[in-house]
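Given next are the chains, with one letter for each unit.
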Amino acid sequence: MAAKTGVLVIGASGQIGTELVLALREQYGNQNVVAADLKTASEEVKESGPFELLDVMDRDRLHQLVVQYNVGQVYLLAALLSATAEQKVMPAWNLNTYGLFYVLELAREGLIDKIYWPSSIAVFGPNTPKLNTPQSTIAEPSTVYGISKLAGERWCAYYHKRYGVDVRSLRYPGLIGYKGKPGGGTTDYAVDIFHKAVSGQAYECFLSKRTRLPMMYMPDAIRATMSLMEAPEEQIKIRSSYNVAAFSFTPEELAIEIRNHIPGFSVTYKPDFRQEIADGWPSSLDDSVAAADWGWKNEFTLETMTSDMLYHLSAMAT
Ligand code: NAD
Ligand code: SER
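Quick summary incoming for the structure in this document. (Residues numbered from 1 in each chain as written. Chains lettered and ligands numbered in written order. Predicted model: local features only at pLDDT ≥ 70, side-chain atom pairs only at ≥ 80, totals over all residues. Heavy atoms only, no water.)

### Quick look at the environment of Arg171
Alright, step 1. By the secondary structure assignment, Arg171 is in strand E8 (residues 170-172).
Alright, step 2. Separated by 128 residues in the primary sequence, Arg171 and Glu43 place their C-alpha atoms 29 Å from one another.
Alright, step 3. Among the polar contacts listed, one links the side chain of Arg171 to the backbone oxygen of Gln135, at a separation of 2.9 Å. (Helix = DSSP H or I, 4+ residues; strand = E, 2+ residues; numbered from the N terminus. Polar contact = N/O pair within 3.5 Å; in protein donor to acceptor, adjacent residues only side chain to side chain.)

### Examining the packing of helix H7 (residues 189-198) against helix H9 (residues 251-259)
Alright, step 1. The contact between H7 and H9 brings their axes to 11 Å, and the two run at 30°. By the angle between their directions, the pair H7 and H9 is classed as roughly parallel. You can see that H7 and H9 cross each other, and the crossing is right-handed. Along its contact with H7, which presents Tyr189, Ala190, Ile193, Phe194 and Ala197, the element H9 presents Pro251, Leu254 and Ile258.
Alright, step 2. Counted by class, the contact of H7 with H9 contains 8 nonpolar, no polar and no charged residues. (Axes fitted to C-alpha atoms, helices over the stretch in contact; angles between N-to-C directions. Parallel < 35°, antiparallel > 145°, perpendicular 65-115°, else oblique. Left-handed = near helix turned anticlockwise from the far one by under 90°. Contact = heavy atoms within 4.5 Å. Nonpolar A, V, L, I, M, F, W, Y, C, P; charged D, E, K, R; others polar.)

### Focus on the packing of aromatic side chains
Alright, step 1. Here the structure, examined in full by the defined rule, presents 16 aromatic pairs.
Alright, step 2. Between Tyr189 and Phe206 the ring centres are 6.3 Å apart and the planes differ by 90°, which places this aromatic pair in the edge-to-face class. With Tyr189 in helix H7 and Phe206 in the loop between strand E10 (203-205) and strand E11 (213-217), this residue pair connects regions lying 17 residues apart in the sequence. Of the two residues, Tyr189 and Phe206, both sit in the buried class.
Alright, step 3. Through a chain of ring-to-ring contacts, three or more aromatic side chains come together here, namely Tyr98, Phe101, Tyr102, Trp155, Tyr158, Tyr159 and Tyr163.
Alright, step 4. Arg108 extends its terminal NZ or CZ atom over the ring of Tyr163, reaching a point 5.2 Å from the ring centre.
Alright, step 5. The lysine or arginine in question, Arg274, covers the ring of Phe206, its NZ or CZ lying 3.5 Å from the ring centre. (Phe/Tyr/Trp six-rings, centres within 6.5 Å; stacked < 30°, edge-to-face > 60°. Buried < 20%, exposed > 50% of the residue type's maximum accessible area, 1.4 Å probe, protein only. Lys NZ or Arg CZ within 6 Å of the ring centre and 35° of its normal.)

### Remarks on the site of ligand 1
Alright, step 1. The environment of ligand 1 is formed by 27 residues, the closest being Gln15, Asp37, Asp55, Tyr145 and Lys149.
Alright, step 2. For ligand 1, an oxygen atom lies 2.9 Å from a polar atom in the backbone of Ile16.
Alright, step 3. Considering ligand 1 on its own, with 830 Å² of exposed area, one finds that the protein chains cover 92% of that surface.
Alright, step 4. Secondary-structure elements contributing two or more residues to the shell around ligand 1 are strand E6 (119-120), helix H6 (144-163) and strand E9 (174-176).
Alright, step 5. Its residues assigned to classes, the shell around ligand 1 comprises 14 nonpolar, 9 polar and 4 charged. (Near = heavy atom within 4 Å. Areas by Shrake-Rupley, 256 points an atom, 1.4 Å probe, with all protein chains shown as cover.)

### Quick word on the site of ligand 2
Alright, step 1. Taken together, Leu81, Ser82, Ser120, Tyr145, Gly174, Gly185, Thr186, Thr187 and Trp281 make up the full set of residues near ligand 2.
Alright, step 2. A distance of 2.6 Å separates an oxygen atom of ligand 2 from a polar atom in the side chain of Ser120.
Alright, step 3. The protein chains hide 93% of the 230 Å² of surface that ligand 2 would expose on its own.
Alright, step 4. Residue classes in the shell around ligand 2 are distributed as 3 nonpolar, 6 polar and no charged.

### Some details on H9
Alright, step 1. When we look at burial in H9, the residues that qualify are Pro251, Leu254, Ala255, Glu257 and Ile258. Each buried residue of H9 sits inside an arc of 160° when the element is viewed along its axis, so together they form one side.
Alright, step 2. Tucked inside the fold, the buried residues of H9 contact H7, E10, strand E13 (247-249), strand E14 (267-269) and helix H12 (302-317). (Arc of directions from axis to C-beta.)

### Observations concerning the pattern of salt bridges
Pairing is possible between side chains of opposite charge, provided their charged atoms come close.
Alright, step 1. What the rule picks out here adds up to 14 salt bridges.
Alright, step 2. Here Glu153 and Arg171 are joined by a salt bridge, their closest N and O atoms 2.8 Å apart. You can see Glu153 sitting in helix H6 and its partner Arg171 sitting in strand E8, a full 18 residues away along the chain.
Alright, step 3. In the salt-bridge network here, residues are joined through shared partners; they are Asp166, Arg168 and Arg239. (Salt bridge = Lys/Arg side-chain N within 4 Å of Asp/Glu carboxyl O.)

Here it is in structure tokens:
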């Protein structure tokens, strides 16, 4: 049988998908990487290769696209993120868990070879050690998003052990990028703040100034994702999800770093319901298992991420 050369990215119009699709197209060829989402994609994504409308909950349509494009790898990014999920509890649970089931089932049935599915720091909870959170530790999430991600991790491990499904996953920290707008997360402030700074406006932050969270710049997140998926199967020893880390900061520290480039940028703080979500998450992560198993190491720091974000957003604004 011919090798399955197609790559399907579900949730391709979101913050990560907008960048991941382009990186995958460079790696596997434009026509081999199919972007799919409920909503339309960026011009760059639509113009550089195939785009299909897809609701991942529609199993027939999912099956049809997998066959039509000879799909071997699926990157399942469609989800409701932490803040939105608290407002839409059952839709979030259904999408975040059944969407994953449908893709896992495609692999169990032998239709696809490999799956990427992202988890999150949200699998941890208020009882988890906050500093340098280990790969394996107390995971008692108190949000619907975290509960759905933890359940997803366990199902990934189960499908690998029981059916041999090659499913791989990362627990992303908060992701920061300039191409795609964030979609309803608790870490979104760390993207919104840059847009305000570049447009010369003040920013009102929905987290308190001293809330320290782990974060990562999008180029590192994309590189982590692709390295994980390219790594030889025997190196992938964790089939739930790997901790990956880059740097941690508070809103106040980020504002100070931005002010090194834009003096006079001002931030006020008005915590809302997202504060409680953030308070239950780690401040920093231990990613030594990912480093040992498949060689993960971040490149960007708070300083280099900030100057790169400001450079690109300023260029886009002119
Ligand atoms: P996003 O909200 O920006 O994008 C999700 C995309 O999924 C959207 O374009 C949306 O239209 C699409 N979608 C929603 N329901 C769908 C459905 N039924 N069928 C098809 N598409 C659907 O999210 P993101 O930030 O790109 O995150 C992608 C994944 O990474 C999610 O699983 C998220 O939990 C995970 N993650 C993200 C972060 C982060 O900081 N961005 C951190 C940890 C984990
Ligand atoms: N960055 C995500 C969120 O805030 C965490 O998975 O929801």
